[in-house]
Structure formats: structure tokens, C-alpha cells
Amino acid sequence: MRGGLERWKRGVASDGVRQAVGYAFEGVCDAARGHRLVGVEQAVAYSDAGAGTVTRFIVTHDVIEQDLLDALGLARWVDGADPGTGESRGRVLTSPDADLLLDATMNMPKSYSLAVLLAPQLREELAALLDRIRDRTLVLWQRELNARRGAGGVIREPIARLEVVELRHERSRALDPHLHRHLWLGVKVLGEDGVWSNVDSRVAMKVHTVVNAEGDLAARTDPAWVAALAACGFTLDAEGEIAELAHLVRPLSRRSNQIEANRALRLAGWRRDHPGQHPGHRVLATIDRWAWAQHRPGKPHAVDEEGWQDLIRTEVAALDPSAARGRSAVGVERKRLGSLDRDLLAATAIADADRRSAGSGGRFSRYDVRAGSLRALAASGIVADRALLEEVVEDVTERAVEGHVIDFLDGEVRVPAHVKHLMSFPTARDKRDLADRFDRLNTRGRSIRADTIGRIATDVLSEDISMDAGQVQAAAAISGTTRLVTVTGPAGTGKTSLLLVARHALRAQRRRMIVVAPTRKAATVAARDIGTAASSLHALLVDHGFRFAQDPTGRTVWTRLRPGDTDPTTGATYAGPRHYPIQPGDRIVIDEAGMVDLQTANSLAELAEGVGAGIAMIGDHLQAMPVGHSGAMATMQRRSGTVVELTAVHRFKDPDYAALSLRVRDPADHADALAVAQELADRGHVDTVASEQEGRERMVTAWFEHAGRGERVALVTATNAEAQQINDRIQQQRLDRGELNPARLALGQHGQYLLVGDVVQTRRNDSDTGVDNRATWTIADIRQGRIELTSVTDSGDRRTVTRDYAAEHVHLAYASTVHGIQGETVHASYVGPGVDAAGLYVGMTRGRAANTAITVARDPGEATERLAQTMLRGRLEVTLDDALHAANQELIRAARATRSPGTGTQSSMASQIADADKRCRALEDAVRQGSVRAAADDSTGHGRIDLEALQEKQRESAERRAMLLAKLEAERARGEQLAIEARHRLWVVARTSASIAAEPSLSNSTPTTGGSVDGP
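Note that this is a predicted model, so its numbers are computed, not measured.

Quick notes on the rules
- Residues numbered from 1 in each chain as written.
- Predicted model: local features only at pLDDT ≥ 70, side-chain atom pairs only at ≥ 80, totals over all residues.
- Heavy atoms only, no water.
- Helix = DSSP H or I, 4+ residues; strand = E, 2+ residues; numbered from the N terminus.
- Buried < 20%, exposed > 50% of the residue type's maximum accessible area, 1.4 Å probe, protein only.
- Contact = heavy atoms within 4.5 Å.
- Areas by Shrake-Rupley, 256 points an atom, 1.4 Å probe, with all protein chains shown as cover.
- Axes fitted to C-alpha atoms, helices over the stretch in contact; angles between N-to-C directions.
- Parallel < 35°, antiparallel > 145°, perpendicular 65-115°, else oblique.
- Left-handed = near helix turned anticlockwise from the far one by under 90°.
- Nonpolar A, V, L, I, M, F, W, Y, C, P; charged D, E, K, R; others polar.
- Salt bridge = Lys/Arg side-chain N within 4 Å of Asp/Glu carboxyl O.
- pLDDT = per-residue confidence, 0-100.
- Pairing = 2+ DSSP bridges.
- Expected span 1.5 Å × (residues − 1).
- Phe/Tyr/Trp six-rings, centres within 6.5 Å; stacked < 30°, edge-to-face > 60°.
- Lys NZ or Arg CZ within 6 Å of the ring centre and 35° of its normal.

### Notes on the overall build of the protein
- Regarding its fold elements, the protein presents 32 helices and 34 strands.
- The buried share of the protein, taken over its 1016 residues, is 55%.
- Taking all contacts inside the protein whose residues are at least 6 apart in sequence as the whole, residues at least 24 apart take part in 72%.
- Counting only carbon and sulfur atoms, one obtains 50% of the accessible surface of the protein, whose full area is about 43000 Å².

### Details of the packing of helix α15 (residues 450-460) against helix α17 (residues 495-508)
- The interhelical angle for the contact between α15 and α17, taken along N-to-C directions, is 110°, at an axis separation of 9 Å. It follows that α15 is roughly perpendicular to α17 by the angle criterion. Crossing handedness for the pair α15 and α17: right-handed. Taken together, the residues of α17 that come into contact with α15 (itself represented by Ile453, Ile456, Ala457 and Val460) are Leu500, Val501, His504 and Ala505.
- Partitioning the contact of α15 with α17 into residue classes produces seven nonpolar, one polar and no charged.

### Section: the pattern of salt bridges
- Using the criterion set out here, one finds 63 salt bridges in the structure.
- In this structure, the salt-bridge partner of Arg168 is Asp131, at a minimum N-O distance of 3.4 Å. Residue Arg168 is found in strand β6 (residues 155-171), and its partner Asp131 is found in helix α4 (residues 122-144); the two are separated by 37 residues along the sequence.
- Accessibility expressed as a relative area gives 23% for Asp131, which makes it partly exposed.
- For Arg363, the salt bridge identified is with Glu890, shortest N-O distance 3.0 Å. Within this pair, whereas Arg363 is found in strand β10 (residues 363-364), its partner Glu890 is found in helix α30 (residues 880-893), the two being separated by 527 residues in sequence.
- Accessibility expressed as a relative area gives 6% for Arg363, which makes it buried.
- Judged by its relative accessible area of 9%, Glu890 is buried.
- Overlapping salt bridges, with partners in common, bring together Arg56, Asp67, Asp82, Arg89, Arg161 and Glu163 in one network.

### Things to note about the confidence of the model for the protein
- On average, the protein scores 82 in pLDDT, and the residues at 70 or more come to 80%.
- Predicted confidence for residues 28-50 stays below pLDDT 50, and this span has 83 contacts to residues more than four positions away or in other chains.
- Contacts of residues 899-907 to residues separated by more than four positions or lying in other chains number 13 contacts, the stretch itself having pLDDT below 50.

### Re the sheet that holds strand β15 (residues 534-536)
- Taken together, the six strands give an open sheet; going across it, the order is β15-β14-β18-β19-β13-β20, and neighbouring strands pair in parallel fashion. Whereas interior strands pair on both sides, the edge strands pair on one side only; in this sheet they are β15 and β20 (642-645). Between one strand axis and the next, the sheet turns through 20° on average, direction left out of account.
- Bridge count between strand β14 (residues 513-517) and strand β18 (residues 587-590): four bridges; the pairing is parallel. Residue Val515 lies in a different strand from β18, and its bridge partner there is Val589.

### Some words on helix α3 (residues 110-118)
- With eight of nine residues buried, α3 is to be regarded as a mostly interior element.
- Of all the positions in α3, only Ser111, Tyr112, Ser113, Leu114, Ala115, Val116, Leu117 and Leu118 are classed as buried.

### Looking at helix α13 (residues 386-403)
- Over its 18 residues, α13 runs 25 Å from end to end, which matches the ideal 26 Å to within 8%, given 1.5 Å per residue.
- Turning to α13, its buried residues number three or more, namely Arg386, Leu389, Glu390, Val392, Val393, Val396, Thr397, Ala400 and Val401.
- For α13, the secondary structure elements touched by its buried residues are α4, α5 (201-221), α11 (342-355), α12 (366-378), β11 (405-407) and β12 (422-424).

### Re unusual backbone geometry
- Even without being glycine, Arg414 reaches a positive phi, approximately 55°.
- A positive phi angle, close to 60°, is found at Arg510, a residue other than glycine.
- Here Arg510 shows up in the loop between α17 and β14.
- The class for Arg510 is exposed, based on a relative accessible area of 81%.

### Observations concerning the packing of α5 against α12
- Packing of α5 against α12 leaves a shortest axis separation of 8 Å and a crossing angle of 10°. Taken together, the axis directions place α5 and α12 in an arrangement best described as roughly parallel. Between α5 and α12 the crossing geometry is left-handed. Only Tyr367, Asp368, Arg370, Ala371, Leu374, Arg375, Leu377 and Ala378 of α12 make contact with α5, whose side of the interface consists of Val203, Lys206, Val207, Thr209, Val210, Ala213, Glu214, Asp216, Leu217, Arg220 and Thr221.
- For the contact of α5 with α12, the class distribution of residues is 10 nonpolar, two polar and seven charged.

### Re the packing of aromatic side chains
- Enumeration over the complete set of coordinates arrives at five aromatic pairs.
- Here Trp703 and Phe704 contribute two aromatic rings whose centre-to-centre distance is 5.2 Å and whose plane-to-plane angle is 85°, an arrangement assigned as edge-to-face.
- Assessed through its relative accessible area of 11%, Trp703 is described here as buried.
- Under the relative-accessibility criterion, Phe704 is labelled buried at 10%.
- Each ring, one from Trp703 and one from Tyr814, has its centre 5.0 Å from the other, and the planes form 90°; the classification is edge-to-face. Taken together, the positions of Trp703 in helix α24 (residues 692-708) and Tyr814 in the loop between β29 (810-812) and β30 (816-817) put the pair 111 residues apart, joining distant regions of the chain.
- Here Tyr814 falls in the buried class, since its relative accessible area comes to 2%.
- Cluster of aromatic residues (ring-pair linked, three or more members): Trp703, Phe704 and Tyr814.
- The cationic tip of Arg89 hangs over the ring face of Trp196; the distance from NZ or CZ to the ring centre is 4.2 Å.
- Taking the ring centre of Phe704 as reference, the NZ or CZ of Arg737 above it sits at 4.0 Å.

Have a look at this one:
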């Protein structure tokens, strides 16, 4: 199942409630476009309102009941009240950013919807499959989610009852077949203690990976569904698509692009004819049908249900006549459960969890492992009832956890399943191996004299550019002979100038500088600025025989060819490097090195060690992280013979802000971060808003203010979805102002409209056209079959891409995430709420003249506190000790389960508190003993000649001490938490538990078919 989990917010004046009801009864579904404006844009209609009711499901102790809600009942329910009486359920949260509901989209592969149209007898079977997935999701939510209780929400309260509203959709807005559903999880849940409160949405977000994986498993292994497909002559391919129809999905999507273009043109015309008005349901439905019928000779403009289905079949027949004809039944290959390689499935599950853990330093949770097990089983080719597969899922998950991971919380009891405390052996090994390789490479040499660097700088730099002491030191080190050099520094510290000088200093020694970067875009920028050839780091490694591919588990594995070896991909004989020869003494310079991942860095270190070259990493490990596992630059920094920290910031017009930006980059602790946030606010760099919606509007306004003065502006968001919302708002306002002409239109990613004058970003390297991934352009012209682009930084740099390329790899770029803006310099920058520390720092260092952080808060004090927390969010985890500390901190923040009241809870908790105290004393003893041993080693070591062995022993001792201290800190916090839990449980025991029994029975409620289902 392919679908996200989105939050619907209350909005200003509870506007989110009205929008939710409008969406449910009249709303278009933009799930296929991937950027529906949740809680902001009133949903537009594409189908009739139907019966005027929606189905509500009530889950209590694994039993599912259902009833119907009309518009009034739904409005009350969305607002957190009883739909029948209107009585509030628990405390009403009135903040515009308070959650109303969590929206889970149940997307099946698009080929399934095509199959239903071509073989109508599949409709009931697909509906039954979706029903089974829905029921399993509801019970999984009731079992796995929780409310929070106690001071700071430290107690995990199990859920006795939750409620979900289901919406069903047949088509996308372009009237393409797209059967899918929405499950609206109400945020108000009833705890087992009889109290209504909000669901722990953080846990819901983390368990959603299991929800999606369960859907994927059902879609590919459900016997009834697979048998129904086979009876119609259909089979499933390795990706879970219907093999006989998968090839039609993309061509039909291209047809839908034209429909979207037709729709946009018609809608723009309607708005011109009706200034100041907004199209209603009937108008939009008419436009949708007109857009579908355009350019189809002989087809009516008004399309009824039967006519619409005939149109789809006609389209399919035009693309592939054989697909529209009936098929003979095929057999279903039955794979026995006993034939499954469970160890391979376990390794595959870990590889899946590991791929998704880059944002958490390589750590993942048991939920992530379980989801990986489900996906691995789904891809295994097995077909069996879900109940029979449960034992396999449990066994594979346990094998994965027991045999393939490091557990940073080993010995802890009652660790919540969403806490990320596991790491795969390969990732842990990559961290260790990279450190070892850098240790071997780290041989000290000499730096070039500063006066020599000064003379070269005078010769090669323009008269208006001078180098500060840090730049001179960095250039001297890079052109020197120390094997490992790390140059770190914030944005705007003049790295380009020092590299230009270092290149000339190396050339004077008959040594070469090989400049590479993690991405082709960064390499292109480096080549332009430094005046030398540059390539991506991967291109360099491939030229020297390195290859990367996926093993049977799906994990990326790097290997290396030697001259004379046969390339397994091309079949050709590898003859050695042809494009990037490296000699001993040459310097490999990696620009934007903070974006190098662990695996690539290991291969780079192996290459440098083999050819005798030195490595210089230039960049900032505190900026945007790589796509893979991070920490490579930070690892080298800790082991480099020369480390230069650039601190003189040259980018900003305000020198005082330059100094302040350094403190934003790396505050020492919370107190320091709070002081920095306060200074930012005092200097006018913080804009406080009441809601996320207001924050987005502020960013839209800022774009027009600066664009009106001809100034480039960066809008940095936390997520792609938020960037798309802002992009759509800016484009629509430009269209309304007459700045964009809809007469010529193309379609971009996710069905976005692209107009002449729009600011866009390309998202895939294309050597034929010369466009780079994440390069930013203005659309200069749109012609038949092609789009002309002009660089936003160089009007003479023009490129042409095809419409097909645009549909797959071009999107609007008025706003973007931190990865989209990395490396850019603009006049002003605005950073939206919700970003992490890297996003805040990168965003607040893009603007030469102005940088503003937009913070959602009720008052200035809360704004500075939230900004301080942002500076400390998402800190880099370089070593295994860092991961251990992060796992313990996450455990401390998590709500923990307790036993039910009145069943010996207090005696049990007293025992747990005593055990925690005992573990604390044991850890304190271990720390003291370690300190004694370290002191003894230090005192006796002064007489030894083997200094390296002594230093290694001291390092190991320090690492062990840090690990013990981290565990001790976590254990003390655990003891405090248990004490809080004990006090809370005393209060709970004093309350009556009869509130659940007193809950009024549901009127007109009936169990669903198979209402009690097996849980995960």
C-alpha cells in the first residue's frame, strides 16, 4: 500500500472543521498529485456528494462496529465532540495548529484500477481486499497507538476505543481510474482509564510504516485477490503491479497530463470571466468533464459513469489493443511456507529498515524492522491467508533483531516499539571501518608557508578580494603534504577563493588537485568558480574501478574491479582509470563534503590509500545531510592531521550577523541556544506567527515583496509538501496578477502546472540536455514537445528539456526544502517552522542582506524557546557512542507503558524503582573502577616506548567511560520517571474505572464483516 499519513489542522477560526466536512461530501481527491493543501485550500469537487453520509468505524478491544454520520455529525466528530450530542470529548485544543484528525491514504497500484475497468468482476474482490486491509489497520491502530498521561506525558496509556471515518474515491481529479480510500483517524481517543484525550500523533507517524507494509503484504499475498486476478488472466510482477497492465500506467498518466492542462486553461478562462469569484462544485465538475473530453473526436463533453468507463477502455485499446481484450484464466503458483528462506527474509528486513534510517543516524525501531519483514514477505512470492503468515512475520522479525543488529538499549525493559534503538551490523561496520581507514591515512606532513600562499593569492585573485588568516591556513594545508586535511566552516567563509589559491600552489609543486563533489550540481558550481575540471565523486570512483549494486537483500554493496577484470554490468574488460588519473602526492578535494555518505567515503579512503593521494574535505557537516548515512566528514575531521575552522564569514552585509550565524550553527547546549535565539529575536530575525497557515502566508508575502524589487529570495520549508503548498499559492497569485500567462502550459512532477515565467527546479541529471539535479531555472518558453529554461543565476545559461522530462523531473521552486537551497546565495532568506537544526542554519545563512526565521508561537518567549529547540534538533550522530546517547535520550522522552490499575501495579513499580536504583549503583561502581584503571595505565605508561599502544588504550578507556556515563544518565532518568509513574498510578487507582462500562451503546451500530481480526 502506498500512502502517507497527514495531519488536518484546526486552522484559524476552526476553518479546518469546515474544510474537512466540505472535502468529505464534495471534495476532490488530490492524493495522486501528492500535495493536497490539507487544512488550507477548500477542496474542489469532482463527483456528486452521494448519499450525504460517511461511515464511522468504532474499534473497542479488537471489535469493529460501524454507523453513519451526516454533515452535522461529521462536523462535531472532526471538532473532537460526540457526533450525536455535541458534547466535547476531553479538553478542547483551540490552537490553529492543533490536530483535528490524521488522514491515512490507502493507495493501491494504479494497474489495479485499470484491471477493475477492464474486468468489472474484479470490483467486488478489490473492495473486499481494501475492506480487509482497513479492518487490519483499525485493529493495529487500537493495539499499537496510545494516549499520554502524567507530568510531561511520560506514561503510555493504552487505548480502549478509537474512531475512524472512511472516504472512498473512484477517480483522480483528471478523471483517471484511481480507486483508493482515506481513513480519517480521529485524534480523540478513550484511554483504558476512561478518560478522553488526544492520540499520541508522534507514535502514529512512526507506526504508519507498518500500516503501509501490511497493505503491501495483503495486496500481493491475499489468496482471494490473487485467485480473482488469475481467473481474469492477470498476474503480479516483482513490484506488485499487474504484469499485463503495468506498461499502460505511464502512458495513461501522460494522457492525464494533457487533461490537467485542459482543465487549467478552462479554469483560468472562467476566472477571467468571473473576477473575484470562486468556482463552485458544479462549475468545477463541468470543467473536469470538459477537460477530459477535449481533443477526443466524437466524444461527448458531458461524461456519465458508463461513458467514462467506455472512454478509459478506448484509451487503453489505443495504447495496447491486446490489453482491452478478454484473457484466459491462468494458474496461481503456490509457494509453500516451508520453502521460505527465513534468514534471507530477516536480512532483507534489516536492509529495508536501514535504508530508511538515514535521518536518524542509522538507528531504527522494532516497528521499522517489522515493516521490513512484512515487505520482504510480500516480495517473496508467497500466497497465503494472513493468519497463517503471522507466525512467519513474528519469526522473521525476531531473527532480524537477534542476528543482524546492535541494540543500544540492550537490557532495558518495556522499550516502546517506536523508539529507534537498533542499528544494522553493516552500518555499524561502515562507521568503524571508515574511522580505521582514516587513522591509517593520517600521516602528518608540512604546510606551505603563509607568505608563499600570500604571494600566490595576490597573483590569482582579483584586487577586491583578500584572504583572511583562516583562508590562508586552509590553502597552505591543502597544498601541503599532510594526507588528511579537513576544512570546516559555515556558509560564506570564502572556500572558493582558498581552493583557487591552493590549486595554483599545488601546480607549482607539479601536483594536481582533483576536485569532486557529492552531486553533479555541486561539481558544476565548483568547476565554474575554481576554473578547473570537476566531477561527481561517484564518477571518480567508477573511473577507478569501484562499482555499487544491490545484493539479494536490497542492500547497496560496493566492490572494486582491478585492471583486467570483467565489468559485471557491461561485460567489458576494465582497463583502469581513463578520465581521472591520480598520482602519489596529488590532492583529492571534496567540496560540499558534508553531503558524502559513509559507504562512498569508505571507497574514497580505500582509493586514496591505494594511490598515495591526500584527501581534503571542504564543507560543513552541520549543513544538509547526505541521502545515505551521514557522518563521513565529521569522522575525518576527528582524525585529520590538519583541521582548519573557518570563522570569518564574508557573505553577509552585516558583520555582526556574520558572527551571530556562527553561534546559530553549533550552540553548546540549551542555554546557549536560548541566548542565540533571543539575540536573533532582538535583532529582528524572528517573525512570530499564530499558525503554520499564517507562516506560509508570510512566506508568500515575502516572496512578492522581494521579487517586486528584483531581489532573489529563498523560502526554506521542513517538508516537500509544505514547499508545494507555498509554490501553488505563489503561482496562483502571479497568475491572478497577470504575471503568468496560462495560454501555454506544461505539466511537471505530481501534475503541477508549469507556466512561462515560473521558477522551477530540475530533479535529475541529464547529460543530453546539460541540466543538473536541483538546479534552479526560470521557464523562458513552452513549445510543442519542449520547454526552454534559463538559469536564475546566469541569463546566458539556457537549456531545453522535453515535456516528458518535465512531467517526471521538474517542479515549482519558489520554495524548497533545505536540500533544494543548499549552496545557493540570495538577497533574503525565510525559514519556515518545523525545520531541524541543519535546515535552520542553512536557511538562515542563504541571504546576504536579510535572514528571517518564522516561528509558530503564542508569544515572544515561546518563540525563542521553540527556536532554541530547533537549533538542537537532528544533531549529527557520528560514532556508535553518539548513537547510544541518542537512543537513551529518545527513550527518556518516550511515554512508557504500565500495568493496569489495581493489579499489583504499585508493588511492581516499587520493584522496578529498586532495580533501577541497583543498576545505577552498579554503573557508578563501573565508572569509578574504569577511572582507577585509566589512572593506573596513565601512570605506568610514561615509562613505555610504545606510545601509540598507550594512546589507543586511553582512547578505548575514554569511549567505555562515555558509554557507561550515558547509561548511568539514562538509568537515573528512568528512576525519576518510574517515581512519577508511581505517583500517577496512585491517583488513577483512586478513580473509578466504570466510565468505560457506562459508555452509552451506539445507536444503529452493527459489526463489520469479520469485525474481530487478528492483529499483527
